[in-house]
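Overview (structure and organization)
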Amino acid sequence: AKEFGRDNFQFYAPEFNIRTQEKFVLQEELRNGLAHSEFTLLYQPQVDLRSGRIFAVEALIRWKHPMRGMVAPDAFIPTAEETGLIVPIGDWVLHEACRQNKEWQDAGLPPMTVCVNVSARQFREKNLIGRVVDALSASGLEARYLEVEVTESLIMQDIDVAVATMNALQNLGVQISIDDFGTGYSSLSALKTFPVARLKIDKSFINDLATDENDQAVASAVISLGQKLNLRVIAEGVETDDQVAFLRENNCDEMQGYHFSKPISAQDIEKLLGGPKD
Ligand code: C2E
Ligand code: CA
Ligand code: CA
Ligand code: CA
C-alpha cells in the first residue's frame, strides 16, 4: 500500500511475508495433522555386514497430507522444531515405534531394536526421560529394544547436558547412537566419555566412497576409532556393491541403505522377515 511510504518497504518485502505466512500455515497444518493421525512411520532395516542379519530398523516419519500426498521429513521437521511441535510429534513417534516393535515381537518375529531419531528441541526437554519411560511402559517394550539416535552436532551444543541425558537413557537400558558422525567435530577426548553404543558414519562420506580418497580416509578412520573405543560402527546411505566391498574390507560392522532396502512400511518389514509364525 503506497500510503505507508518508502520507509515501510522492508517490512512488506514479499519474501518476508510469504515465508512467514507459509510457516504459519504449515504450523497449523501440522497441529491438525497430529490431531487427525496423518503421520506414519516407515522402517529401514539395518544389516550386520558379517552375518547379513537384520538386527534393527530405523523409524522414519512421513506425513500423509490430505492434499499434498506423502511429505518427507525435511519439509516439516525444521518448522516443527522451531515451533516446538516436534515435542508432541516426537512423542507420537516414540510411542508408535515402541508399540510396533512390541507387536512384531508378539507376532514371533526375531527381536530387533527400533531406532528413533530425537531432535535437539526434544532432547533438551526437561522430561525427555519421563516421556521415554511412558512410551516403554505403554507398549510393554523392553528398553534394550529401543535405541535413540542423536546427531553429533546436537551433543556438541552442550556436552555436559547431553552427557547427563545420555547417562539417564543408558541407565534405563535404552541404547544411544551418534547420527551423522563425522560432520560435527567431536573431540576424541569427549567422545570417550559419551555413553553411546554406536557411531553412524554420515551418508555424505559414503556417497562417493568408491572413488573419493578423502571419503575413504574418513570412513576408515571412523571405523578404526569405533573399534578402539569399543563402539559399533554403521554406515548409512549405502547404495552400491562397491561401497559394500569397501566397508567389508575395512571391517565396518553394519550398514543401512537402499542397497539392502529403502524405508518400508511395517507390513513390508513383516514380509521381509518371513511373516508372523502361527
Ligand atoms: P537421518 O536420520 O540421517 O536419516 C537418513 C535419511 O537417509 C532418511 O531420509 C533415509 O530415508 C535416507 N536414506 C537411507 N538410505 C539411503 C540411501 O541409500 N541413499 C539415500 N540417498 N538416502 C538414504 P528421510 O527419511 O527423508 O529422513 C530425513 C531426515 O529427517 C532424517 O535424517 C532425520 O534427521 C529426520 N527424521 C526422520 N524421521 C524423524 C523423526 O521421527 N523425528 C525426527 N526428529 N527427525 C526425523
Ligand atoms: Ca537417523
Ligand atoms: Ca544420519
Ligand atoms: Ca541427516
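The shown structure was predicted, so the numbers you read here are calculated from the model rather than taken from an experiment.

Calculation criteria
Residues numbered from 1 in each chain as written. Chains lettered and ligands numbered in written order. Predicted model: local features only at pLDDT ≥ 70, side-chain atom pairs only at ≥ 80, totals over all residues. Heavy atoms only, no water. Donors = N, O, S within 2.8 Å, 3.2 Å for Na, K, Ca; no water. Salt bridge = Lys/Arg side-chain N within 4 Å of Asp/Glu carboxyl O. Helix = DSSP H or I, 4+ residues; strand = E, 2+ residues; numbered from the N terminus. Buried < 20%, exposed > 50% of the residue type's maximum accessible area, 1.4 Å probe, protein only. Pairing = 2+ DSSP bridges. Right-handed = clockwise from strand over helix to strand, strands pointing away. Near = heavy atom within 4 Å. Polar contact = N/O pair within 3.5 Å; in protein donor to acceptor, adjacent residues only side chain to side chain. 1 Å grid on protein atoms, 1.4 Å probe; cavity = no way out; pocket = protein on both sides within 12 Å on 5 of 7 lines; lining within 4 Å. Sits in = over half its atoms within 2 Å of the grid points. Contact = heavy atoms within 4.5 Å. Points joined across faces, edges and corners; volume = space filled by probe spheres on them. Nonpolar A, V, L, I, M, F, W, Y, C, P; charged D, E, K, R; others polar.

Right, let's talk about the coordination of the calcium ion (ligand 2) for a bit. Within the protein, Glu 58 (OE), Asn 117 (OD1), Glu 149 (OE) and Asp 179 (OD) serve as the donor atoms for the calcium ion (ligand 2), at 2.2 to 2.3 Å. Spacing between the donor residues of the calcium ion (ligand 2) along their common chain follows E-x58-N-x31-E-x29-D.

A word on the pattern of salt bridges. One pass over the structure, following the stated rule, counts 17 salt bridges. Lys 200 is the salt-bridge partner of Glu 149, the closest N and O atoms lying 3.0 Å from each other. A residue pair is termed long-range when its members are at least 10 positions apart, and Glu 149 in strand 5 (residues 146–151) and Lys 200 in strand 7 (residues 198–201) qualify at 51 residues. You'll find Glu 149 and Lys 200 in the same group, each marked buried. For Arg 232, the salt bridge identified is with Glu 254, shortest N-O distance 2.8 Å. Here Glu 254 lies in strand 9 (residues 254–256) and Arg 232 lies in strand 8 (residues 232–236), a separation of 22 residues in the sequence. Judged by relative accessible area, which is 29%, Arg 232 ranks as partly exposed. On the basis of relative accessibility, which here comes to 4%, the residue Glu 254 falls in the buried class.

It is worth spelling out the pairing of strand 6 (residues 175–181) at this point. For a regular strand, the rule is simple: side chains alternate between the two faces of the sheet. Counted residue by residue, strand 6 has 5 buried out of 7 residues, so it is predominantly covered. By the bridge criterion, 5 bridges tie strand 5 to strand 6 in an arrangement that is parallel. Paired with Thr 151 across the bridge in strand 6 is Asp 179. Sheet analysis places strand 6 next to strand 7, joined by 3 bridges and oriented parallel. Across the sheet, Phe 181 pairs through a bridge with Ile 201, a residue of strand 7. Crossover handedness for the path strand 6 to helix 8 (residues 188–193) to strand 7: right-handed.

Bringing the site of ligand 1 into the picture now. Around ligand 1 sit 23 residues, and of these Gln 44, Arg 62, Lys 203, Glu 239 and Tyr 258 come closest. With respect to ligand 1, the side chain of Glu 58 contributes an N or O atom lying 3.3 Å from an oxygen atom. The contact in question runs from an oxygen atom of ligand 1 to an N or O atom on the side chain of Asn 117, over 3.0 Å. More than half of the atoms belonging to ligand 1 lie within 2 Å of the grid points that define the largest pocket.

All right, on to the environment of Leu 60 then. Locating Leu 60 in the fold gives a position in strand 2 (residues 54–65). Its relative accessible area of 18% is what places Leu 60 among the buried residues. Taking C-alpha positions, Leu 60 is 9.3 Å from Ile 264, a pair spaced 204 residues apart along the chain. In this structure Leu 60 touches Thr 40, Leu 41, Leu 42, Gln 44, Asn 117 and Pro 263, once residues within four positions along its chain are discounted.

In this section: empty space enclosed by the protein. Scanning the model with the defined rule gives 1 cavity of 30 Å³ or more in all. What the largest cavity holds in volume is close to 40 Å³. Phe 123, Arg 124, Leu 154, Ile 155, Gln 157, Asp 158, Val 161 and Ala 162 together form the lining of the largest cavity. The set of elements that each furnish at least two residues to the lining of the largest cavity consists of helix 4 (120–124), helix 6 (152–157) and helix 7 (159–172).

Our next topic: the layout of surface pockets. There is about 1,100 Å³ of room inside the largest pocket. Along the walls of the largest pocket sit 38 residues, with Glu 58, Leu 60, Pro 73, Asp 74 and Asn 117 positioned nearest its centre. Within the residue set of the lining of the largest pocket, elements represented by two or more residues are strand 1 (39–48), strand 2, helix 2 (77–83), helix 3 (86–106), helix 4, strand 5 and strand 6. Sorting elements by how many residues they give to the lining of the largest pocket places strand 2 first, with 5 residues. Counted by class, the lining of the largest pocket contains 16 nonpolar, 10 polar and 12 charged residues.

Structurally, the position occupied by Ser 139 is in helix 5 (residues 128–139). Residue classification places Ser 139 among the buried positions, given a relative accessible area of 14%. Within the local environment of Ser 139, its side chain forms a polar contact with the backbone oxygen of Ala 135, the two atoms lying 2.8 Å apart. Here the side chain of Ser 139 touches Leu 141 through a polar contact of 3.2 Å, landing on its backbone nitrogen. Discounting residues that sit within four places of it in the chain, Ser 139 has contacts with Cys 98, Arg 99 and Lys 102.

All quantities given are derived from atomic positions and should not be read as evidence of function.
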